Amino acid sequence: MSEPIDRKTVESVARLARIDLPEDQIDDTASKLGDVLTYIGQLEQVELPDDVEPFFGAIESVNAIRPDQLTDSVDREQILSNAPDADGEFYQVPPVL
Amino acid sequence: MSETFTSPQFDQATRDAVSNDDVTVIIGLEVHVQLDTESKLFCGCSTEFGAPPNTQTCAVCTGMPGSLPVINERALQLSIKTGLALNCEIARYTKWDRKNYFYPDLPKGYQISQFDKPICGQGYLDITAPKGEFEPRRVELERAHLEEDAGKSMHDESQRGGNSKIDLNRTGTPLLEIVTKPDMRSPAEARAFLTELKLILTYIGVSDCNMQHGNLRCDGNVNLHIKVGGEKIATPIVEIKNMNSFRAAERALGYEAGRQLKLWKQNGKTIADAPKQTRGWNDADQVTTPQREKEESADYRYFPDPDLIAVTIEESEIESIKKEIGRLPAQWRELLIKEHGLKPYDAGVMVGQGAEVVEYFLVVAQGCGNSKMASNWVGQEVLRFLNESGEAIDAYPVSADQMTELLTKVNAGELDQTRAKEVLQEMIDSKIEVQAAMDKLGIKAVDNSEIESLCRQLIDENPDVIQQIKDGNGKAVGALIGKSRKLNPNANPGLVKDTILKMIGA
């Protein structure tokens, strides 16, 4: 069985995901994430025959490939209009450095 | 097999006593190569460099909700081709994963990369030192994986805290990240690795490797293994970013090795005491400086990208790509040395100029029937012109066929080397062919009777020189060759010399 999730882990995951998690929701979130892990832990206990191949994705088909051909890009004015801030040429973001 | 290191504390005197002979530099490289595709890795936007900002983007590469990436077939093929040229195992099953981090030039909040099933597995690349600075070495490759590039950020350099500007044209461009094992033992070896890698990539045509355009970027991991007090310790690993030329890479790694030794002598900290640090190379000041640590940056929380499905690669596809590879630089060098008698250094210089120069040489060598002469002329005359003009071989004014014609005349004794160089210069200056250049310079065949009367005249007019020759000073004949050139520039100096010696019975 997996370890329960502690507050520190929740805070760390929230920070990585840039989620502003209110202080009073941390314990609740820890408990919910713990439930998810408990469920996954149950799946881990299923005994599999030796000949089962490892499984890397939920879709069984492979090789959806496109040829190296150009398609039209989106007009700049239109695509920049999705951004909170732009100067007509560039996206503008708060200073990074 | 990984070595284990102890983390004992040595006193200052013991640390100070460590000499350079006790220190081994350990270098690994990560090289990002932009693959030469028309369109991006997961969408049909152009990868062309230099377009106005944000004119080559779409819903997929800007990460709009509901858009779906579909992988570019050519990017797969070029990755396989690279892997084969680098002796890598090619995956039969490969998939893509999300590498999660936040940065303004990464619109999706994750980069589509490959985590546990890279397209190319372990391989190797052999390096040699052009002038014997180090022993030949096999650098093992850990893997090469196919991922998308991020966009470009432009920060306000004025210190006034202005906004950063983001251009997403580059977002989604296919990159192959080639990761070596920590197998290099000096900055010179790292440079040789990069040089050879770039040469291979350009020979097989998977990338133009233009570093100014960012089409080849490299980061280095470096630390030191130090033998001290009967034990072996390792200094903390530093990753160096922003090494934007091979020369810069060599200098950055050399600087960093020196810095780590000095720091360890000061504080004694080993790999067990400090986490991996990221530093940037400052080319202007020739130093590495610490880069702001991304908080918990190592925690990328990779997971399989649910928008993409895996790719399986058939044996037949690998075989057909293998056939397209052709000779690699090392094989060309061997051919030039073994079949054309070039010295290893000269073969290295020739091959280092690219496949087109080698092809030019082969046409001339085979055409004029004298590989050594062809190697001298291509190696000196042609390469000097290219170095001085900064042009590629296809801009060289003299075609391989014309060069062949010229050298065939030299080989047959119709032109001496000095005259031939004048002819070549005339061909370049006036953009004319061999015969026209010879006519323009007034060069015509000189028959034997003319040579003989010329030699008779030289003998009669220079009794002192003749006496010197007869006295055993063979070099004195050179003075007569100079005079012969003035009397008749078309007379072959070798023939004049032989005729004079025969006439005076020397």
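Residues numbered from 1 in each chain as written. Chains lettered and ligands numbered in written order. Predicted model: local features only at pLDDT ≥ 70, side-chain atom pairs only at ≥ 80, totals over all residues. Heavy atoms only, no water.

Remarks on the overall build of chain A
Within chain A, the secondary structure is distributed over three helices and two strands. Order of helices (α) and strands (β) in chain A, N terminus to C terminus: α-α-β-α-β. Taken over the C-alpha trace, chain A has a radius of gyration of 22 Å; the compact-globule value for 97 residues is 13 Å, which it surpasses by more than 25%. In terms of overall dimensions, chain A has a C-alpha envelope of 55 × 45 × 20 Å along the principal axes. Burial statistics for chain A: of 97 residues in total, 20% are counted as buried. Relative to all contacts within chain A whose residues are 6 or more apart in sequence, the contacts with residues 24 or more apart total 26%. When the accessible area of chain A is evaluated, it comes to approximately 7600 Å², of which 53% is carbon and sulfur surface. (Helix = DSSP H or I, 4+ residues; strand = E, 2+ residues; numbered from the N terminus. Rg over C-alpha atoms; globule rule 2.2 N^0.38 Å. Buried < 20%, exposed > 50% of the residue type's maximum accessible area, 1.4 Å probe, protein only. Contact = heavy atoms within 4.5 Å. Areas by Shrake-Rupley, 256 points an atom, 1.4 Å probe, with all protein chains shown as cover.)

Let's talk about the sheet that holds strand 16 (residues 303-304) of chain B
Within the open sheet, the three strands sit side by side as 5-4-16 (chain B). Their pairing is antiparallel. Strands at the two margins of the open sheet, each flanked by one partner only, are strand 5 (110-113) and strand 16 of chain B. (Pairing = 2+ DSSP bridges.)

Describing the confidence of the model for chain A
With 91% of its residues at a pLDDT of at least 70, chain A reaches an overall mean of 88. No element of chain A has a lower mean pLDDT than helix 1 (residues 7-16) of chain A, which averages 91, and none a higher one than helix 3 (residues 76-80) of chain A, which averages 97. (pLDDT = per-residue confidence, 0-100.)

Notes on the side chain of Arg98(B)
Residue placement: Arg98(B) occurs in strand 4 (residues 97-100). Here the side chain of Arg98(B) touches Asp305(B) through a polar contact of 3.3 Å, side chain to side chain. (Polar contact = N/O pair within 3.5 Å; in protein donor to acceptor, adjacent residues only side chain to side chain.)

Side note on the packing of aromatic side chains
Residues and elements named next belong to chain B. Tallied over the full model, the rule gives six aromatic pairs over all chains. Relative to tyrosine 396, the ring of tyrosine 360 lies with its centre 6.1 Å away and its plane at 85 degrees, an arrangement referred to as edge-to-face. Of this pair, tyrosine 360 sits in helix 8 (residues 355-368) while tyrosine 396 sits in the loop between helix 9 (371-389) and helix 10 (400-411), placing them 36 residues apart in sequence. Counting every residue linked through ring pairs, the aromatic cluster contains Tyr101, Phe115, Tyr300 and Tyr302. Across from the ring centre of tyrosine 300, 4.4 Å away, lies the NZ or CZ of lysine 99, which sits over that ring. Positioned above the aromatic ring of tryptophan 377 is the side chain of lysine 421, whose terminal nitrogen or guanidinium carbon lies 5.7 Å from the ring centre. (Phe/Tyr/Trp six-rings, centres within 6.5 Å; stacked < 30°, edge-to-face > 60°. Lys NZ or Arg CZ within 6 Å of the ring centre and 35° of its normal.)

Describing the domain arrangement of chain B
Its domain assignment divides chain B into domain 1 (12-312), domain 2 (327-440) and domain 3 (448-503). Here the C-alpha centroids of domain 1 of chain B and domain 3 of chain B sit 65 Å apart. (Domains from an automatic or database assignment.)

Some details on the interface of chain A and chain B
With 35 residues of chain A in contact, the opposing surface of chain B contributes 54 residues. Taking both sides of the interface into account, the surface hidden between chain A and chain B amounts to around 3700 Å²; carbon and sulfur atoms contribute 58%. For Asp87(A), the salt bridge goes to Lys165(B), with nearest N and O atoms at 2.7 Å. Applying the counting rule to chain A against chain B returns 19 residue pairs in polar contact (both at pLDDT 80 or more). Mapped by element, the contributors of at least two residues to the side of chain A that touches chain B are helix 1, strand 1 (65-66), helix 3 and strand 2 (91-93) of chain A. Across the side of chain A that touches chain B, the residue classes tally to 19 nonpolar, eight polar and eight charged. (Buried area = accessible area lost by both parts, 1.4 Å probe. Salt bridge = Lys/Arg side-chain N within 4 Å of Asp/Glu carboxyl O. Nonpolar A, V, L, I, M, F, W, Y, C, P; charged D, E, K, R; others polar.)

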